[in-house]
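# Chains, contacts and geometry: an overview
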Amino acid sequence: MTRSRGRRPAGDRPVRPARQPAREPARPARRPSRPATASKTTKTAKSAKPAKPAKAKAPGRRPARPAAARPAATTRRPGRLRRRPRGSLRGSSTFRLRAGFVLIAMVLSLFGARLVQLQGIDPQQYAAMAAAEGEVSVVLPAERGDILDRNGRPLADSIDGLMIAADPSLTSGKAPQLATFLTRRLGVDYFETLEHLRAPTRFEYIAREVPAAEAREVVDDAAEKGFVGLETREDPVRVYPARTIAANLVGFLGTPHKDGSARPLAGFEDSFNTYLSGTDGEARYQVGSNGSRIPLGDNVMVPARDGTDLTTTIDSDLQWYAQQVLAETVRAARADSGFAVVLDSRTGEVLALPDYPTYDAAEPDLSPESLYSSRALTDVYEPGSVQKVLTVAGLVDAGLVTDRTRFEVPGVLLRQDRPIHDYFEHGTIKLTMAGILAKSSNIGTVMAADEYAPGQLRRYLKGFGLGTRTGVGVPGETNGILPAGADWTSQTGDRIAFGQSLSVNALQMAAAVNTIANGGVRVDPSLVRGTATLDDGTEVGSGAATTRRVVSEDAARQTTLMMERVIDPEAGVAPGAAVPGYRVAGKTGTAQRVGEAGTYDGTFTVSFAGFAPADDPRFTVYVVVQNPRNGGGGGSVAGPAFSKIMGHALRRYGVPPTGTQPSRLPVEW
């Protein structure tokens, strides 16, 4: 008996004739063949084995039914579809799912095996392969700190910009043509650019600090022309919105170095470069031959640390006004140049430090390099009669004279090497100490200075800060010259007493005069609010300023009263320096200039220094004009400029007149 496949015996249901598909080959039997009726399309089994007796089933199970012989196939009925034989797996949804799962498992196994190979078995080998392809090192520029005025207005600022970089492995093929294109569009050097485009690296700078819109336009236009290998990256652009305002102090940046670092060329940008720059970051990664980053290669990124803002003591509005007044003064006098200083008398903060001529920090290439520095700090000159203020203050402090001490002043004073004259001709006149200062008498000053003990005047001048740099942080500041030792002869001492045979810079002299305004206490001048660190490590600024007493408060008061007489239209020589409504104390200066040969060349430095209100000083202003050709002196040339700048400062800061009467010290006896 043949083993059935679970079909019912033929006797349980009608037997349907088997349908015979056209030309379908018979499938080989997977089990021993069943007996079947012979037909045209069926084959008789070659060997028929007797069926094994059915195994006894567990109780409760349905006994197996004997299989009936499959009826012989008959001719297919027309109009009836052939039914797929039961037990066929083709088209089964279960089969398709199983096959899909097997295929997915095989793919995932391949990925897993690859990850194990890359990360677990031989990662070093693959890292080495990545390194062999090429490494790119890119600077991540730190944003440079802003340079601000005292009110937070930017004098130098950084705005969004881009760098243009190249992958030489992609640009070398058309390097000459691309270099020509970039030279025309960006103004870069052709030969340097050609070298970058052919370099044996994967990253080269082409142009730095390019305005964003311009950089994108250049790269897009290059791509349209068929050039490949250019890209843009973030790179802040330095701008100078104040342009000429305080340009002599701010300075500017030139074209960056090849490594991308800033190239400061003048002013604060130079002296505070490290403080402003911060620290650039770096991104290093490895790329394949097509320039794409290799995910499992070395990938290191050090973030940038932005620079620190530098807040100056400059009031940009006052600076602008002082620059305009100075320019008008120099042009009107047909002079070579001029500079001025405006100090807060109480703090020593520099509110304005104009130069003329000056330059535009946004377009420095349009001006000569000689204008890039502040002449108020780099130029040395003899101060002339402004120096007499210091000489007289020291005499009063030492108890050697008072503001009313009397002198008989001859028309000429014969000394060891040469006679000393006054700027005006006179016979013997009787002047008080106040009168000597008001009339600016050289002879009277030397006679009074004879009261000093040896070395005493020099010690006072040193205390006032002469012969020593102010150290405010501007590059190129000079020390000035204050003779010492054997260089200080009796003849030299005579001339120093009235402002010759020594040299100063303008900020030194302004700070010295400000000592009188500040009650005899010298306060270090400062150009930085708070503190900041120079590249040499020195900390400067108002937060680091020191003070020292140079003369007594009474000596400063008496000197102030004498200085007020200089402005008096009857007693003094500089009525043009008066500020209507305010008490003003000041002093003129006129000195011969030393030429390139080291001797006096026949030209002059004229100046005026003073402070107001005289009885409660708020500002100290010093104006210097070099080589006026209109024949004017300190009172007529620098005095009116002083009056305009001082008046503007007092009004801008809302300083009211004190309402007291000016000094009436006698000038003659």
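All values derive from a computational prediction rather than experimental measurement. (Residues numbered from 1 in each chain as written. Predicted model: local features only at pLDDT ≥ 70, side-chain atom pairs only at ≥ 80, totals over all residues. Heavy atoms only, no water.)

## Some remarks on unusual backbone geometry
Of note, the amide linkage connecting Tyr-356 to Pro-357 takes the cis form, showing an omega dihedral of 0°. Mapped onto the elements of the fold, Pro-357 is located in the loop between β15 (355–356) and α11 (375–378). Geometrically, the link from Ala-612 to Pro-613 is a cis peptide bond, its omega value of -15° lying close to zero. Inspection of the secondary structure puts Pro-613 in the loop between β25 (600–612) and β26 (619–626). Although it is not a glycine, Ala-246 adopts a positive phi angle of roughly 60°. Positionally, Ala-246 belongs in the loop between β7 (237–239) and α7 (247–250). On the basis of relative accessibility, which here comes to 0%, the residue Ala-246 falls in the buried class. Positive phi values are uncommon outside glycine, yet Arg-334 reaches one of about 50°. Judged by relative accessible area, which is 48%, Arg-334 ranks as partly exposed. (Helix = DSSP H or I, 4+ residues; strand = E, 2+ residues; numbered from the N terminus. Buried < 20%, exposed > 50% of the residue type's maximum accessible area, 1.4 Å probe, protein only.)

## Here we look at helix α10 (residues 316–332)
In this model, α10 (17 residues) spans 24 Å end to end at C-alpha, consistent with the 24 Å of a helix rising 1.5 Å per residue. Those residues of α10 that sit buried are Ser-316, Leu-318, Gln-319, Ala-322, Gln-323, Val-325, Leu-326, Ala-327, Thr-329 and Val-330. Structurally, the start of α10 carries an N-cap: the backbone nitrogen of Asp-317 is 3.1 Å from a side-chain oxygen of Asp-315. Arg-334 occupies a position one or two residues after α10 and carries a positive phi of about 50°. (Expected span 1.5 Å × (residues − 1). Polar contact = N/O pair within 3.5 Å; in protein donor to acceptor, adjacent residues only side chain to side chain.)

## With respect to a nonpolar patch on the surface
A surface patch of nonpolar side chains, amounting to about 510 Å² of accessible area, comprises Val-102, Leu-103, Met-106, Val-107 and Phe-111. Its location among the elements puts Val-107 in helix α1 (residues 93–121). The class of Val-107 is partly exposed, set by a relative accessible area of 37%. (Patch = residues over 30% accessible without salt bridge, like charges linked within 9 Å, V, L, I, M, F, W, Y side chains within 5 Å. Areas by Shrake-Rupley, 256 points an atom, 1.4 Å probe, with all protein chains shown as cover. Salt bridge = Lys/Arg side-chain N within 4 Å of Asp/Glu carboxyl O.)

## Things to note about the environment of Pro-176
Mapped onto the elements, Pro-176 comes out in helix α4 (residues 175–186). Judged by its relative accessible area of 28%, Pro-176 falls in the partly exposed class. Separated by 15 residues in sequence, Pro-176 and Phe-191 place their C-alpha atoms 9.2 Å apart. Excluding anything up to four places from it in sequence, Pro-176 contacts Tyr-190, Leu-194 and Arg-198. (Contact = heavy atoms within 4.5 Å.)

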